[in-house]
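Residue-level structure breakdown
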Amino acid sequence: MERIDVPGHVLEVCRELGRTGYQAFIVGGAVRDALLGRPAVDWDVATDAPPAVVQRIFPDTIPTGARYGTVTVLVPVREQTGWVRRPVQVTMFRTEGEYRDGRRPEWVAPAHTIEEDLSRRDLTVNAIAYDPWEERLVDPFGGRADLATGIVRTVGDPARRFREDGLRLMRAVRLATELGFRMEAGTWRALQQEAPRLARVSRERVGEEWRRLLRAEAAGRGLVMIYESGLLLHVLPVPHPGRNAVERTKAALDRLPAGDGPERVAAVLVGLSRDDLDDCVLRALVYPRAHAKSAVHLARMLRVFSADAVGTEPALRRFLRGLGRSNAAAFARLWQAWQPVEPARLGDGLAGRIVRVAAPGQPIDLSDLAVGGRDVQAVLGIGPGPEVGEWLERLLQHVFEHPEDNRRDRLVHLLRTWKTGARQPSPPCAKHRS
Ligand code: ATP
Ligand code: MG
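Heads up: these notes are all about the structure in this document. Just so we're clear, the structure is a prediction, and the values are computed from it rather than from any experiment.

A few points about the overall build of the protein chain
For the protein chain, the count of helices and strands is 23 helices and eleven strands. A globule of 434 residues ought to have a C-alpha radius of gyration of about 22 Å, yet the protein chain, at 30 Å, is considerably larger. Along the first, second and third principal axes, the C-alpha atoms of the protein chain reach 110 × 55 × 40 Å. A total of 434 residues make up the protein chain; the buried ones form 48% of that total.

Structure representation (structure tokens):
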């Protein structure tokens with residue numbers, strides 16, 4: 001099978017380059033994914049045309065990384081909703097110079113052939129090029145064979161390639177996780193040996209790979225690879241966890257939905273971090289603030305949570321108030337994933353109760369009360385002030401015990417009774433004495 005389905009706008013870029021006398025190949029993840037029958041994320045084109053020429057050939061371009069020979073070409077595409085501009089990254093064939101600091105090459109030199117360009121790429125499955133006009137694959141490193149057998153292997157000597165750029169350590173593990181591939185033996189040995197090189201790679205680059213790994217279906221397996229390779233110490237700034245903690249976290253990740261939800265991040269925190277380290281861990285991984293906040297909150301709530309303490313509905317409502325309604329579903333999943341027994345054996349149990357008791361319309365917060373501060377002021381004839389909040393709080397505590405009373409008429413009635421009760425204090429003990 002040599003044919004790859006290339007979208008029209010990418011084909012157009014290749015044709016235009018060809019017409020001007022240059023070579024054009026589709027490279028990178030798109031070729032790999034197409035050969036696996038997966039949808040491509042983005043389309044990269046490699047060419048022998050210098051960036052200045054690419055900018056001259058195409059009317060609409062962005063010099064994304066002119067230093068590295070990359071120009072983004074924007075191709076107008078007609079969609080049902082109107083015209084949109086689709087980006088295609090066009091990069092000149094290149095070899096890379098010395099990686100003195102293990103971060104970025106000191107210089108980037110143009111290459112003359114696609115084979116030379118492919119030789120500087122990280123993994124064999126990422127080093128396949130496709131000529132869409134000849135419908136021909138260029139595969140000098142056996143990438144197709146590795147795709148067929150499911151193997152992640154570096155292009156060339158693994159230890160040397162990892163020393164050149166430490167990020168490749170993470171890329172290899174991340175890709176093996178995403179694709180469900182095994183690590184080739186020599187690549188794996190080099191990974192373990194060169195793992196400390198990751199310490200020199202910028203937090204942003206490591207964090208991005210980590211987040212992609214955690215998003216993947218098989219993130220649990222990815223975490224174990226990160227641990228067994230020795231990379232974990234350089235990814236998470238936490239004391240070295242034992243195998244049990246890693247296995248337990250893996251089990252939880254396996255049960256949580258793939259994707260960007262905060263539960264998976266929270267599971268990692270509960271399994272491998274501590275209250276006082278959570279923020280630091282997520283900062284180190286450069287998580288977006290909002291995402292980090294909800295993951296840290298979920299982790300803290302799970303650590304203090306005790307199923308026994310929320311045996312009654314009022315107790316569960318009080319807990320949910322602290323958790324927040326919007327976190328309830330994620331918390332229920334997290335709790336369930338964290339249990340030592342299979343979720344099937346837990347049944348609908350507590351997780352189901354959490355979701356039911358936190359459903360919209362159920363009272364768990366002041367804002368759920370059928371009356372507000374103005375009602376309190378009107379009924380009691382008081383002005384604004386902290387007292388209003390105290391009455392509302394008292395109503396909420398009542399409603400926690402009797403949710404059926406959360407109706408305007410009943411709460412107003414309750415306030416009136418409390419008000420008269422407060423005016424004529426009748427200490428029960430005094431009554432008995434007289
Ligand atoms: P995806 O976009 O799905 O993550 P990708 O393989 O396209 O996968 P990119 O980060 O877009 O990943 O990189 C494009 C290509 O550039 C890769 O396929 C690989 O050939 C090469 N590449 C990326 N990073 C490195 C690196 N650190 N060292 C060597 N080659 C790399
Ligand atoms: Mg890509």
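Notes on the packing of helix 7 (residues 167-179) against helix 10 (residues 219-229)
Contact geometry for helix 7 and helix 10: axes closest at 9 Å, N-to-C directions at 150 degrees. Classified by the angle between their axes, helix 7 and helix 10 sit roughly antiparallel to one another. The interaxial crossing formed by helix 7 with helix 10 has right-handed handedness. Touching M170, V173, A176 and T177 of helix 7 are A219, R221, G222, M225 and I226, all from helix 10. Broken down by class, the residue content of the contact of helix 7 with helix 10 amounts to six nonpolar, two polar and one charged.

Examining the site of ligand 1
Ligand 1 sits among 14 residues. The nearest are R32, N126, D165, R168 and R212. Here an oxygen atom of ligand 1 sits 3.1 Å away from a polar atom, N or O, in the main chain of N126. R212 places a polar side-chain atom, nitrogen or oxygen, 2.5 Å from an oxygen atom of ligand 1. In the complex, the protein chains occlude 81% of the 580 Å² of accessible area that ligand 1 would expose alone. At the level of elements, helix 2 (29-35) and helix 7 are the ones that each hand at least two residues to the shell around ligand 1. Considering each element in turn, the shell around ligand 1 owes the most residues, three residues, to helix 7. In terms of residue class, the shell around ligand 1 is built from no nonpolar, three polar and eleven charged.

Thresholds, definitions, all that
Residues numbered from 1 in each chain as written. Chains lettered and ligands numbered in written order. Predicted model: local features only at pLDDT ≥ 70, side-chain atom pairs only at ≥ 80, totals over all residues. Heavy atoms only, no water. Helix = DSSP H or I, 4+ residues; strand = E, 2+ residues; numbered from the N terminus. Rg over C-alpha atoms; globule rule 2.2 N^0.38 Å. Buried < 20%, exposed > 50% of the residue type's maximum accessible area, 1.4 Å probe, protein only. Axes fitted to C-alpha atoms, helices over the stretch in contact; angles between N-to-C directions. Parallel < 35°, antiparallel > 145°, perpendicular 65-115°, else oblique. Left-handed = near helix turned anticlockwise from the far one by under 90°. Contact = heavy atoms within 4.5 Å. Nonpolar A, V, L, I, M, F, W, Y, C, P; charged D, E, K, R; others polar. Near = heavy atom within 4 Å. Polar contact = N/O pair within 3.5 Å; in protein donor to acceptor, adjacent residues only side chain to side chain. Areas by Shrake-Rupley, 256 points an atom, 1.4 Å probe, with all protein chains shown as cover.

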